[in-house]
Amino acid sequence: MGEIKENVPLPKTKPSTEQDVTDELDLRMKKYLRGEGANLEGLKDKKLKGQLAAKEDLYGKSAKAAAKAEKWLMPSEGGYLEAEGLEKTWRIKQEAIAHEVDISSSRKQYDIILPELGPYTLDFTSSGRYMAVSGRKGHLGIVDMINLSIIREFQVRETVRDVAFLHNELFFAAAQKKYPYIYNREGTELHCLKEHGPVLRLQFLENHFLLASINKFGQLRYQDVTMGSMVGNFRTGLGRTNVMQVNPFNGVVSLGHSGGTVTMWKPTSASPLVKMLCHHGPVSALAFHSNGLLMATAGKDKKIKLWDLRKFEVLQTLPGHANTLDFSQKGLLACGNGSLIQILRDVSGTQNYSKYMTHSMVKGYLIGKLVFRPYEDVLGIGHSMGWSSILTPGAGEPNFDSWVANPFETSKQRREKEIRSLLDKLPPETIMLDPSKIGTVKPRRERPTKQEREAEIEAGVEAAKGMKLKKKTKGRNKPGKRVQKKQEAVSRVKRPYLEQKIQEEESISRKKQKTSEDVELPKSLQRFARKKASS
């Protein structure tokens, strides 16, 4: 018989020490920090130095909290397609991806063919649980994406141009031939919004409970769906457009126009906040990153541009057409044109996008709208023959916050969330380009002293006297005329200071006149009035 060996116990893994944990947290913090901290040693202003030091401390605390949440509270990790050697990720087909994933994920890849009712457009709820579909020929429906079952579908027997969910899956709006309508989950018509007219595009602002629409006459309207009141009604003055998107960061509605401009609007301003020339042809598509700082535009000039909204500058220009654009939660950019879909990815994290995936529809299937499904690696496609879904690894956020969006919420949780969101509803006045300015104090403009004002006047007068005049001919270069021109320049410099001085003197004299006037007090207060000194 062979020699019997005793069972050797497996070596126990050394438990991670406190130092290892802190080192790991420091590495994770670098991902959330905003670069190197500001150098505050050279600042002489103590107040400014204290404010900046408090902000830097706050940034460090928030980065540490995010790193801790990532380490201990996030069970799932997102993954992307990874190529080996000379292999390219954009050459990998959907059949190969479906062959490698699990059964539940492979079910998310499907094609619904309804050629008589298309083209189709789609919209998802914020949790990604439900999808609303609308066909151009009047087909409307709501689909439960977890069970892949149709909750309700009906036919309105007229043209439907767009569809958008309201605050949850119980209500949705459809832009029909003459007016937009609001339906409930059972397909019952609740409201007809006749003030909006023949609407082309719809967008819903979740935090403000506002339904925004743009009609064929170029009129932008905002309607409060809680009170039913019209909050804003503006004429853009730039013609008909069907390119409309909401910035999720600040709630600003952006429109793309036929002149190549993009305008940004808020419901309390009759003129656009920003009007920027993005393309040398009509704007065909528009999309915003979830952080609100990156905007993608596509135009008929065969260019796709990425914009930094902090400086309104172009970060990257890519060649190509796109009739629809959409950003995923993790920053993937989907571009659709004809029957071809391209998905771009920022590999280095420096807003330098490159080709990540491609997908070709069946010849003749014209893509109308691309929408990423939240919290899933899925891209929804509305096309001329129905709607489809493809797998896009790394698109969705792998961990959902049940207080923000819960795909598995019960009816009780949904009711509580609806009440909470109504209580937290933001007024339309809070919509602005930089929402971080809300609640801050407007800095007071300090008036210059008398000595500073006199120094400015002297500097302006010296600059006007030393001004070089053009040499003119035919008697127009006489010394008298040259002196007269210099005197006019000096008086032009002094004029604003003199006007300001006159205004100050008038305001002082007005105040003196008010105080000198006898004010007749009521009898009950006359005994408290200051008595005039007897002569």
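About the cut-offs
- Within each chain, residue numbers correspond to sequence positions counted from 1 in written order.
- Per-residue local features of the predicted model are confined to residues with pLDDT of at least 70, and side-chain atom pairs are confined, for both listing and counting, to 80 or more; whole-chain, interface and lining totals are unaffected and use all residues.
- Hydrogens are left out, water is left out, and the side-chain values use all remaining heavy atoms of the structure.
- Secondary structure elements follow DSSP: runs of H or I no shorter than four residues count as helices, runs of E no shorter than two count as strands, and numbering proceeds from the N terminus.
- Put simply, the radius of gyration uses C-alpha atoms, and a globule should come to 2.2 Å times the residue count raised to 0.38.
- A 1.4 Å probe rolled over the protein chains alone gives each residue an accessible area, and that area as a share of the maximum for its type sets the label: buried under 20%, exposed over 50%, partly exposed in between.
- For this analysis, residues touch if any pair of their heavy atoms sits within 4.5 Å.
- Each accessible area is a Shrake-Rupley result for a 1.4 Å probe, and residues are judged covered by the shown protein chains and nothing else.
- We score Asp and Glu as negative and Lys and Arg as positive, and we do not count His or the chain ends.
- Lys charges are placed at NZ, Arg charges at CZ, Asp charges at CG and Glu charges at CD.
- One requirement defines pairing of two strands: DSSP has to find at least two bridges between them.
- UniProt positions are given in the numbering used here, feature names are shortened, and annotations may be inferred rather than shown by experiment.
- Think of a nonpolar core as a cluster: buried Ala, Val, Leu, Ile, Met, Phe, Trp, Tyr and Cys residues, connected wherever their side-chain atoms sit within 4.5 Å.
- Structural elements are reduced to axes, namely lines fitted to C-alpha atoms, with helices fitted over the stretch in contact, and the angle between N-to-C directions of any two is expressed from 0 to 180 degrees.

Peer 1: Is there a simple way to explain the overall build of the protein chain in this structure?
Peer 2: Of regular secondary structure, the protein chain possesses eight helices and 28 strands. For a compact globule of 535 residues, the expected C-alpha radius of gyration is about 24 Å, and the protein chain comes in at 32 Å, more than 25% above that figure. Per-residue burial over the protein chain gives 37% buried out of 535 residues. Expressed as a percentage of contacts within the protein chain between residues at least 6 apart in sequence, the contacts between residues at least 24 apart total 45%. Carbon and sulfur atoms make up 52% of the accessible area of the protein chain, which totals about 34,000 Å². Charged side chains in the protein chain number 88 positive and 62 negative. The centres of these two groups are separated by 12 Å.

Peer 1: Looking at this model, I keep getting lost on the pairing of strand β23 (residues 333–337). Mind explaining?
Peer 2: Successive side chains on a regular strand alternate, one facing one side of the sheet and the next facing the other. By the criterion of burial, β23 is predominantly enclosed, with four of the five residues buried. Relative to β23, strand β22 (residues 324–327) is paired through four bridges, and the arrangement is antiparallel. Opposite Asp326, over in β23, you have Ala334 as the bridge partner. The antiparallel hairpin formed by β22 and β23 contains five residues in its connecting segment, where Gly331 sits at a positive phi of about 100 degrees. Bridge analysis of β23 against strand β24 (residues 340–346) gives five bridges, and the strand direction is antiparallel. Following the sheet pairing, Ala334 is matched in β24 by Ile343. Once β23 ends, the chain turns through two residues before running back antiparallel as β24, passing Gly338 with a positive phi of about 60 degrees.

Peer 1: It is not clear to me how the UniProt feature "domain: BING4 C-terminal" (unreviewed entry) in the protein chain should be interpreted in this structure. Could you clarify?
Peer 2: Mapped onto the present numbering, the UniProt feature "domain: BING4 C-terminal" (unreviewed entry) falls at residues 355–435. The distance separating the terminal C-alpha atoms of residues 355–435 is 33 Å; by composition the span is 16% helix and 30% strand.

Peer 1: For this particular structure, what's the right way to read the environment of Lys485?
Peer 2: Within the fold, Lys485 resides in helix α7 (residues 479–516). The class of Lys485 is partly exposed, set by a relative accessible area of 33%. Separated by 20 residues in sequence, Lys485 and Lys465 place their C-alpha atoms 9.7 Å apart.

Peer 1: Explain the pairing of strand β19 (residues 294–299) to me, please; I cannot follow it from the model alone.
Peer 2: Across the six residues of β19, six count as buried, placing the element largely inside the fold. Residues Leu294, Ala296 and Ala298 line one face of β19 and the alternating positions Met295, Thr297 and Gly299 line the opposite face, and both faces are buried. As defined by bridge partners, strand β18 (residues 283–288) adjoins β19 across five bridges and the pair is classed as antiparallel. Each bridged residue has a counterpart across the sheet, and for Phe288 the counterpart in β19 is Met295.

Peer 1: I'm lost on the nonpolar core in this one. Help?
Peer 2: Grouped burial of nonpolar side chains is what soluble globular proteins tend to show. Among the nonpolar cores identified, the biggest contains 26 residues, and Leu220, Tyr222, Val253, Met276 and Met295 are the most heavily contacted of them. Secondary structure elements with two or more residues in this core: β11 (210–215), β12 (219–224), β14 (243–246), β15 (253–256), β16 (261–265), β17 (274–277) and β18. The residues touching Leu220, leaving out its near neighbours within four places in the chain, are Ser213, Ile214, Gly232, Asn233, Phe234, Thr236, Met244, Val253, Leu255 and Trp265. Of all hydrophobic cores here, the second largest spans 20 residues; its members include Leu332, Ile343, Tyr356 and Met361.

Peer 1: Looking at this model, I keep getting lost on the UniProt feature "repeat: WD" (unreviewed entry) in the protein chain. Mind explaining?
Peer 2: When the UniProt feature table is mapped to this numbering, "repeat: WD" (unreviewed entry) covers residues 276–317. Note that residues 276–317 is 0% helix and 60% strand, and that its end C-alpha atoms are spaced 16 Å apart.

Peer 1: Before we go on, may I ask you to explain the sheet that holds β16 in this structure?
Peer 2: Within a sheet, adjacent strands bond to each other through the backbone by hydrogen bonds, running parallel or antiparallel. In space, the four strands of this open sheet follow the order β14-β15-β16-β17, with antiparallel pairing throughout. Bordering the open sheet on either side are β14 and β17, each of which pairs with just one other strand. In this sheet, adjacent strand axes meet at a mean angle of 20 degrees when their direction is disregarded. Here β14 runs beside β15; their pairing, made up of four bridges, is antiparallel. What sits directly across from Val243, in β15, is Gly256.

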